[in-house]
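Read off the chains here:
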Amino acid sequence: MKISLFLLALTLFFSCSKKDTIDVPTFWQCNKNQNLDSTAIANKLLGSWVWAKQSCWDDNKVRAADKNVIVNFNINGNFNKVENGTVITQGTWKLKIVDSNMYGLELTQPSQYLHGRILFCDNQVLFYDSYRDGCDNVFNKK
């Protein structure tokens, strides 16, 4: 009986102590290695991006996308956000400095997924907003 309780307690301890988070340090390093200026960032954003996952500062857990969200950035400065096949948000976008030398988006129509610093790694973009008590959102290039 004591062994069973010990094993149960051990299992609970390890399952509760593990934090599943977005690997922000890897995004930071990968983004830094690219040495992107505002023009390069804008060019990398062009096209379609599919929402993959989210992590918020208050619970520090990664949640896989629970709906099909696609964001399209056009060269003419327009964007739209499509959720499950329906255009939910559309407007214009441009880059702005959001913190020190880090860029974020200035949108004419806000979107809950597109706040914070923009960090690129491989074919992904992270909108990193947990440093301001927001959520981090990862999108994959379509």
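These numbers come from a predicted model, not from an experiment.

Attention shifts here to the pairing of strand 7 (residues 117-121). In terms of burial, strand 7 is a largely internal element, five of the five residues being buried. Taking every second residue as pointing to the same face, both faces of strand 7 are buried, with Arg 117, Leu 119 and Cys 121 on one and Ile 118 and Phe 120 on the other. Pairing analysis gives five bridges linking strand 7 to strand 8 (residues 124-128), with the strands arranged antiparallel. Bridge pairing in strand 8 places Cys 121 opposite Gln 124. Count of turn residues in the strand 7/strand 8 antiparallel hairpin: two residues, of which Asp 122 carries a positive phi of about 55°.

Counting 20 residues, the largest nonpolar core has Leu 45, Phe 73, Leu 105, Leu 114 and Phe 139 as the members making the most contacts within it. Those elements that provide at least two residues to this core are helix 3 (38-45), strand 1 (47-56), strand 3 (69-73), strand 5 (86-99), strand 6 (102-107), strand 7 and strand 8. Residues within four places of Leu 114 in sequence aside, it is in contact with Val 71, Phe 73, Phe 79, Leu 105, Leu 107, Phe 127 and Phe 139. One finds Ile 22, Met 102, Leu 119 and Cys 121 within the second-largest nonpolar core, a separate group that totals ten residues.

Under the criterion given, the structure shown has two disulfides. Between the sulfur atoms of Cys 30 and its disulfide mate Cys 121 the distance is 2.4 Å. On the S-S bond that ties Cys 30 to Cys 121, the torsion sits near 90°, and the link is right-handed. Here the residue Cys 30 occupies a position in helix 2 (residues 24-34), and Cys 121 occupies one in strand 7, the gap between them amounting to 91 residues. When sorted by exposure, Cys 30 lands in the same class as Cys 121, which is buried. In this model Cys 56 forms its disulfide with Cys 135; the gap between the sulfur atoms is 1.9 Å. Since a negative S-S torsion denotes a left-handed disulfide, the Cys 56-Cys 135 link at about 100° is right-handed. Taken as a pair, Cys 56 in strand 1 and Cys 135 in strand 9 (residues 135-141) lie far apart in primary sequence, 79 residues in all. Here Cys 135 falls in the partly exposed class, since its relative accessible area comes to 23%.

Here is what the cut-offs are and how they apply
- Every chain begins its residue count from 1, and numbering advances along the sequence as written.
- Given that this is a predicted model, residues contribute local features only at a pLDDT of at least 70 and side-chain atom pairs are listed and counted only at 80 or more, while totals for whole chains, interfaces and linings are drawn from all residues.
- Side-chain metrics rest on all non-hydrogen atoms present in the structure, leaving aside hydrogens and water.
- A 1.4 Å probe rolled over the protein chains alone gives each residue an accessible area, and that area as a share of the maximum for its type sets the label: buried under 20%, exposed over 50%, partly exposed in between.
- Each helix is a run of DSSP H or I of at least 4 residues and each strand a run of E of at least 2, with the numbering of both proceeding from the N terminus.
- Whether two strands pair comes down to DSSP finding at least two bridges between them.
- Put simply, buried Ala, Val, Leu, Ile, Met, Phe, Trp, Tyr and Cys residues joined by side-chain atoms within 4.5 Å make one nonpolar core.
- Residue contacts follow a heavy-atom distance rule, with two residues in contact if any of their heavy atoms lie within 4.5 Å.
- The disulfide criterion used throughout: a pair of cysteine sulfur atoms within 2.5 Å.

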